[in-house]
Amino acid sequence: MKREDFPKDLQPLIIPEPSGRLVYRCLGCNLEAGIEELLYTCPSCGQVLLLHDEQFDRLKKVPQKTWHRLFDYRKMLRIPAMKGIYRFHEFIGPVIPLDAVVYLGEGHTPIVEANAALQQQAGFRFFFKNDGQNPSASFKDRGMASAMSYIQYLIQTGKVSEVLAVCASTGDTSAAAALYAAYLRPRVKSAVLLPHGKVTPQQLSQPLGSGAAVFEIPGVFDDCMKVVEALSEDYPVALLNSKNAWRILGQESYSYEIAQDFSYDVKDIVVVVPIGNAGNITAVMSGFIKFLQAGVIDHLPKIIGVQSHHANPVFRYYQEPDSQKRRFAPVTVQPSAAQAAMIGNPVSMPRVIHLEQLYSRLAGEPRVFFVEVTEQEIMDWELTANRNGHIACTHGGECLAGLVQAAKRGLVSARETAVIDSTAHALKFAGFQEMYFQGRFPEEYGITPDPQLLNAPVLIHPADLDKVPAPGLPLTGKDFDRFVASVSRDIAQKLGLH
Ligand SMILES: *Cc1c(COP(=O)(O)O)cnc(C)c1O
Ligand SMILES: [Zn+2]
């Protein structure tokens, strides 16, 4: 639809012009800094930053109904820049002009209701939101589209000419960074640091295929993170980890989409997300808070953050009920099937602490909860979900296990509806399914396969067949007829067909 085809009152708003005034704001000392340069931490106190729109109040003047209609009508625009996370331009990056927006198909991921059998087994009404259906097959594309659009904006306005984007990754950040950087070549190049042997073969293939410089480092993610932090302090590189506040901003789109998916009525919605470096849960809280403050929604949904007992520093922190007595302590991680969340010292912890307080204060009651699940539960629920028509990754399984756990602890009730974040595509983590099916999980995981969930291919080679086809060596005539007849007979027998 073209601008003139939209309702008259929406025509001036439907295609947004740059607006607002974004600044970095420090969560430690409240210092504000302009966005002319890329900052990751406060120049004064070293704390992490969030982006803040100093003119946010202008958004409160737009009537609620106008927002709802505006976002819904924008679905009909054919402008690439408006097809992804920037449908929510006023909230995602209002200063970014549309011609700086990089769109590779991210956002607006499907929300799929679980079938009756799975809902019954989980004891809850829920949907999966399939963020594995983003271009690099994880939710990281949301934040990367935002960070890279900002970089493209800096290039277009002559503030920088060339950018070397670097990140540390448990696999998916590097896939996303390398993909978006490849699209912006030659002005943008990327280098990624991965913990050696701690990303899946699929995740490793992604930055390699996109042409990034790929470095494998001994240790775990937390070690890689320290190295890129040192690099970004000493050299002119752009850090693309979620320490970069532009990443958080883009990932807020996840909340806006959920609001839109439920027609902006999220009072009885429970949003379940896995926690690793805690960028995702930061963005989810921040997004809903902004929609509430602007009057787009009237209530904040409940949020459940889930961690594996093998990487649970955030869960541990919130175990202490008295907020005054809580003390954060990093943990040493153990191997986890939710490998992209295997982080012991989350960079966004100060953001979580800050936003959890604000969130529950605005809601008037505790509204963010944290649960932990076992490795066994993660795998069993992932495989169970996928046997019921989903494409959940291990973190999707972790979230579903977390919902079941939250129900056991009385944190959620049957009148609520959950949205489970499957943060990546099942295929990225197929190796864990394979280890489960083949009984090859190393002991440290503590996973014993449930025989009911096992599956394996069956080789059909009937004993009475002397000739079988091979690549380049087809069978013909009677030999081929015999092959087809005898193989189909065997399959029918195995399937119990008569
Ligand atoms: C990065 C990632 C996570 C963890 O998200 P954080 O923002 O680091 O908390 C979970 N699942 C997948 C698939 C990821 O790639
Ligand atoms: Zn500061």
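As a starting point, this report considers the structure included with it.

Conventions adopted
Residues numbered from 1 in each chain as written. Chains lettered and ligands numbered in written order. Predicted model: local features only at pLDDT ≥ 70, side-chain atom pairs only at ≥ 80, totals over all residues. Heavy atoms only, no water. Donors = N, O, S within 2.8 Å, 3.2 Å for Na, K, Ca; no water. Tetrahedral: all angles 85-135°; square planar, octahedral: opposite > 155°, others 65-115°. Buried < 20%, exposed > 50% of the residue type's maximum accessible area, 1.4 Å probe, protein only. Helix = DSSP H or I, 4+ residues; strand = E, 2+ residues; numbered from the N terminus. Contact = heavy atoms within 4.5 Å. Near = heavy atom within 4 Å. Polar contact = N/O pair within 3.5 Å; in protein donor to acceptor, adjacent residues only side chain to side chain. 1 Å grid on protein atoms, 1.4 Å probe; cavity = no way out; pocket = protein on both sides within 12 Å on 5 of 7 lines; lining within 4 Å. Sits in = over half its atoms within 2 Å of the grid points. Nonpolar A, V, L, I, M, F, W, Y, C, P; charged D, E, K, R; others polar. Domains from an automatic or database assignment. Salt bridge = Lys/Arg side-chain N within 4 Å of Asp/Glu carboxyl O. Core = buried A, V, L, I, M, F, W, Y, C linked by side-chain atoms within 4.5 Å. Points joined across faces, edges and corners; volume = space filled by probe spheres on them.

Here we look at the coordination of the zinc ion (ligand 2)
Put simply, a metal with four donors set out as a tetrahedron has ideal angles of 109.5 degrees, and one with six donors set out as an octahedron has ideal angles of 90 or 180 degrees. The zinc ion (ligand 2) binds to the protein through Cys-26 (SG), Cys-29 (SG), Cys-42 (SG) and Cys-45 (SG); the donor distances cover 2.3 Å. Given 4 donor atoms and angles of 96 to 116° at the metal, the environment of the zinc ion (ligand 2) is assigned as tetrahedral. Look at Cys-29 and you get partly exposed, because its relative accessible area is 36%. We classify Cys-42 as buried; its relative accessible area is 4%.

Quick notes on the side chain of His-310
Position of His-310 relative to the elements: it lies in the loop between strand E11 (302-308) and helix H13 (313-319). The class for His-310 is buried, based on a relative accessible area of 11%. Leave out the neighbours within four places in its chain, and His-310 touches Val-333, Gln-334, Pro-335, Ser-336, Glu-375, Glu-444 and Tyr-445.

Let's talk about the site of ligand 1
Taken together, 14 residues are adjacent to ligand 1, and Lys-140, Asp-172, Gly-276, Asn-277 and Asn-280 come closest. Here an oxygen atom of ligand 1 sits 2.8 Å away from a polar atom, N or O, in the main chain of Gly-276. Taking Gly-279, its main chain carries an N or O atom lying 3.2 Å from an oxygen atom of ligand 1. Of all the cavities here, the one that holds ligand 1 is the largest cavity. Residue composition of the shell around ligand 1, by class: 6 nonpolar, 6 polar and 2 charged. Shared between two domains, the shell around ligand 1 takes at least three residues from each, and those domains are domain 1 (111-134 + 252-453) and domain 2 (139-247).

Details of the pattern of salt bridges
Summed over all chains, the structure comprises 23 salt bridges. In this structure, the salt-bridge partner of Lys-129 is Asp-261, at a minimum N-O distance of 3.7 Å. Remark: Asp-261 occurs in helix H11 (residues 253-261) and Lys-129 occurs in strand E5 (residues 125-130); sequence separation between them is 132 residues. The residue Arg-415 makes a salt bridge to Asp-268 at a minimum N-O spacing of 2.7 Å. Of this pair, Arg-415 sits in the loop between helix H16 (394-408) and strand E13 (417-422) while Asp-268 sits in the loop between H11 and strand E10 (269-274), and the two are 147 residues apart along the sequence. A relative accessible area of 59% means that Arg-415 is categorised as exposed. Overlapping salt bridges, with partners in common, bring together Lys-129, Asp-131, Arg-142, Glu-257 and Asp-261 in one network.

Side note on the nonpolar core
With 113 residues, the main nonpolar core has Tyr-24, Phe-91, Met-148, Trp-246 and Phe-291 as its most contacted residues. Sorting elements by how many residues they give to this core places helix H6 (residues 140-156) first, with 9 residues. Composition of this core by domain shows at least three residues from each of domain 1 (111-134 + 252-453) and domain 2 (139-247). In contact with Phe-291, other than residues within four places in its own chain, are Phe-71, Phe-88, Phe-91, Tyr-256, Ala-259, Tyr-264, Val-296 and Ile-297. Ranked by size, the runner-up nonpolar core spans 42 residues in total, among them Ile-378, Ala-385, Leu-400 and Ala-406.

Side note on empty space enclosed by the protein
Scanning the entire structure with this criterion turns up 2 cavities of 30 Å³ or more. As a volume, the largest cavity reaches approximately 270 Å³. Among the elements of the structure, helix H7 (172-183), helix H10 (245-251) and helix H12 (279-293) are those that each provide at least two residues to the lining of the largest cavity. Per-class residue counts for the lining of the largest cavity are 10 nonpolar, 12 polar and 3 charged. When residues are assigned to domains, the lining of the largest cavity turns out to be shared by domain 1 (111-134 + 252-453) and domain 2 (139-247), each giving three or more. Empty space within the second largest cavity amounts to approximately 40 Å³. Considering the residues around the second largest cavity, the lining is formed by Thr-170, Pro-195, Lys-198, Val-220, Phe-221, Gln-339 and Met-342. Classifying every residue of the lining of the second largest cavity by side-chain character gives 4 nonpolar, 2 polar and 1 charged.

Honestly, that's just the spatial picture; any functional story needs more than this.
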